[in-house]
Amino acid sequence: MSEIAGQMGWDEVEFKRKNWIKLGEELLIAKALGEGREGYEQVIRSNGLGQCVQVGLEAVGWAAKRGNAEWREDGGPSVRRGIGMSVMLHGSGVAGLDMGAATIKMNDDGSFNLLIGATDLGTGSDTILAQVAAEVLGVPVEDIIVYSSDTDFTPFDKGAYASSTTYVSGEAVRKAALDVAEQIKAHTARMLGLEETEGMDLRDGRVAVPDGTVLTLTQVALSSLHQQEQHQIIASASNMSYASPPPFGAQFVELAVDTETGQVTVERVLMVVDAGRVINPITASGQVEGGLQQGVGFAHCEEMVYDENGRLLNPRFGPYHVYKSNEMPELEVIFVQTDEPTGPFGAKSVAEIPLDGVAPAMSDAIHDATGVWLREVPFTPERVWRALQEMA
């Protein structure tokens, strides 16, 4: 897209703005992305891409740097600096395929056991799903005791893949929590001799009744288990969605190219992302930063090299180079909040989209610095140097 805009003499950002998908439009490629069978029609119900781009342009000082010869040549006699950008969307689970389930049980001290099949791979999903349950039940997250990923007794989940856990499994948790909340209200009505639960509210570990009466969840739990119409307050729910709302993002890369050696030094990577309503900004930021690191390695230096017989020639770290912590550029993450009507509390995914745009943004930045376009990753010194020689 950047190359087309350059050849036509158009502004790159405006050209992309005219062509990216807008709110209310159908994502026509969705039916072809059905995991081995036809997918489902997808309509964009939340889209913060325009805001992502605008926030990013301002944050990196795009107007003062892009195409600015003085800034470009600021790094030394043979060094040229450049800035590039890309826009992207991803998905939130596989529509019509991914399914998650949850069970929530109320304990006699007013705490809750949350049983989920979803697996926390370091993404923080145990915490996030506990937050979803706690929000519905009006308790601190510490009162949600999570049991996950034990196929002997936790409910089924398709798996931690396809950027699906918060969107798919999170909605299952929300459904189960809503069921438990209604059971709590119903038992509160029995305890107080009320005919209905209208106006009751769960907050701060209590049930607030419109007439001003307040019962603790511990009181309700003890009554339900030991005193009045004894029964276990418990609920299970599953969730499978025919929607897969895309998160959107804009990525910006600043770098320097040594035109004598072809060495690229990545100086800064910024991602501005619309992941819907972000349930846990700390874990979401961690996922974005991790994805950006993977994306930088993919675009810049990670390559599996095979001989003519298909044998891997660089099977160890070192010859296969990954970024070390002291080599990482400055990474920045900014969230643009939108509300996705099909997601739990307006959430969409965030796990995989950080990988999507680093390579094109880096290629765009190398072109801004040197005038050459590279179409093969990683952008190793040899590839950059050869491209510069061909242009010369």
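Whatever comes next refers back to the structure up there.
Residues numbered from 1 in each chain as written. Predicted model: local features only at pLDDT ≥ 70, side-chain atom pairs only at ≥ 80, totals over all residues. Heavy atoms only, no water.

Peer 1: Before we move on, can you summarise the overall build of the protein with the specific residues and values?
Peer 2: Across its full length, the protein carries eleven helices and eleven strands. For the protein, the spread of C-alpha atoms along the principal axes amounts to about 85 × 45 × 40 Å. Within the protein, the proportion of its 392 residues that are buried is 48%. When contacts within the protein are restricted to residue pairs at least 6 apart in sequence, long-range pairs at least 24 apart make up 72% of them. About 18,500 Å² of surface is accessible on the protein, with carbon and sulfur atoms providing 50% of the total. (Helix = DSSP H or I, 4+ residues; strand = E, 2+ residues; numbered from the N terminus. Buried < 20%, exposed > 50% of the residue type's maximum accessible area, 1.4 Å probe, protein only. Contact = heavy atoms within 4.5 Å. Areas by Shrake-Rupley, 256 points an atom, 1.4 Å probe, with all protein chains shown as cover.)

Peer 1: Got a sec to walk through the packing of helix H9 (residues 281-300) against helix H10 (residues 358-370)? Specific residues and values, please.
Peer 2: Two elements in contact, H9 and H10, have axes separated by 8 Å at closest approach and are oriented at 55°. Taken together, the axis directions place H9 and H10 in an arrangement best described as oblique. Regarding H9 and H10, the two cross each other, and that crossing is right-handed. Contacts between H9 and H10 involve Leu292, Gly295, Val296, Phe298, Ala299 and His300 from the former and Val358, Ala359 and Met362 from the latter. For the contact of H9 with H10, a count of residues per class yields seven nonpolar, two polar and no charged. (Axes fitted to C-alpha atoms, helices over the stretch in contact; angles between N-to-C directions. Parallel < 35°, antiparallel > 145°, perpendicular 65-115°, else oblique. Left-handed = near helix turned anticlockwise from the far one by under 90°. Nonpolar A, V, L, I, M, F, W, Y, C, P; charged D, E, K, R; others polar.)

Peer 1: Account for the environment of Ser236, with residues named and values stated.
Peer 2: Within the fold, Ser236 resides in strand E8 (residues 234-240). The exposure class of Ser236 is exposed, given its relative accessible area of 51%. Setting aside chain neighbours within four positions, we find Ser236 in contact with Ala102, Thr103 and Ala176. Separated by 2.6 Å, the side chains of Ser236 and Thr103 make a polar contact. (Polar contact = N/O pair within 3.5 Å; in protein donor to acceptor, adjacent residues only side chain to side chain.)

Peer 1: Let's hear about the sheet that holds strand E6 (residues 206-208): which residues, and what values?
Peer 2: Read across the open sheet, the three strands follow the order E5-E6-E7; overall the sheet is antiparallel. Lying at the two open borders of the sheet, with one neighbouring strand each, are strand E5 (201-203) and strand E7 (214-216). Here the strands of the sheet are splayed against their neighbours by 25° on average, with no regard to which way each runs. Bridge count between E6 and E7: three bridges; the pairing is antiparallel. Bridge pairing links Arg206 to Thr216 in E7. (Pairing = 2+ DSSP bridges.)

Peer 1: Can you explain the nonpolar core? Please cite residues and give values.
Peer 2: By size, the foremost hydrophobic cluster in this structure holds 35 residues, and its most contacted members are Val253, Leu255, Val266, Met362 and Ile366. At the level of secondary structure, the elements contributing two or more residues to this core comprise strand E9 (248-258), strand E10 (264-274), H9, H10 and helix H11 (381-391). For this core, the leading source of residues is H10, giving seven residues. Leu129, Val132, Ala177 and Ala237 belong to the second largest nonpolar core, which has 34 residues in total. (Core = buried A, V, L, I, M, F, W, Y, C linked by side-chain atoms within 4.5 Å.)

Peer 1: Residues and numbers for the pattern of salt bridges, please.
Peer 2: Tallied over the full model, the rule gives 22 salt bridges. Residue Arg174 is joined to Glu171 by a salt bridge in which the shortest nitrogen-to-oxygen separation is 2.9 Å. Here Arg174 pairs with Glu171, and both are found in helix H7 (residues 165-192), just three residues apart, close to one helical turn. The partner of Asp274 in a salt bridge is Lys348, and the shortest N-O contact between them spans 2.9 Å. Of the two residues, Asp274 is situated in strand E10 and Lys348 in the loop between strand E11 (330-335) and H10; the sequence distance between them amounts to 74 residues. Comparing Asp274 with Lys348, the two get one shared label, buried. One salt-bridge network, in which partners are shared between bridges, spans Glu12, Lys16, Arg66 and Asp364. (Salt bridge = Lys/Arg side-chain N within 4 Å of Asp/Glu carboxyl O.)

Peer 1: Can you break down the packing of aromatic side chains residue by residue, with the values?
Peer 2: Enumeration over the complete set of coordinates arrives at four aromatic pairs. Ring plane angle 70° and centroid distance 4.9 Å describe the contact between Tyr40 and Tyr242, whose orientation is recorded as edge-to-face. Residue Tyr40 is located in the loop between helix H2 (12-19) and helix H3 (49-60), and its partner Tyr242 is located in the loop between E8 and E9; the two are separated by 202 residues in the primary sequence. Residue classification places Tyr40 among the partly exposed residues on the basis of a relative accessible area of 31%. Plain terms: the ring middles of Tyr147 and Phe153 are 6.1 Å apart, the flat faces sit at 65° to each other, and that makes the pair edge-to-face. Since its relative accessible area comes to 35%, Tyr147 is described here as partly exposed. (Phe/Tyr/Trp six-rings, centres within 6.5 Å; stacked < 30°, edge-to-face > 60°.)

Peer 1: So what's going on with H2? Residues and values would help.
Peer 2: Within the sequence span of H2, burial applies to Glu12, Val13, Phe15 and Lys16. Seen end-on, H2 carries its buried residues on one side only, within an arc spanning 165°. On its buried face, H2 is in contact with helix H1 (2-8), H3, helix H4 (62-65), strand E1 (79-89) and H10. Between the side-chain oxygen of the N-cap and the backbone nitrogen of Val13 there are 3.2 Å, and the N-cap of H2 in question is Asp11. (Arc of directions from axis to C-beta.)

Peer 1: Got a sec to walk through the sheet that holds E10? Specific residues and values, please.
Peer 2: If you walk across this open sheet you meet the four strands as E1-E9-E10-E11, and the pairing is mixed. The open sheet is flanked by E1 and E11, the only strands paired with a single partner. Mean inter-strand twist for the sheet, computed between neighbouring axes without regard to direction, equals 10°. Of the strands in this sheet, E9, E10 and E11 touch H9, which is tilted by about 135° from E11.

Peer 1: Can you break down a nonpolar patch on the surface residue by residue, with the values?
Peer 2: A cluster of nonpolar side chains, namely Met1, Ile4, Met8 and Trp10, defines an oily patch on the protein surface of about 420 Å² accessible area. Tracing the backbone shows Met1 in the segment before H1. (Patch = residues over 30% accessible without salt bridge, like charges linked within 9 Å, V, L, I, M, F, W, Y side chains within 5 Å.)

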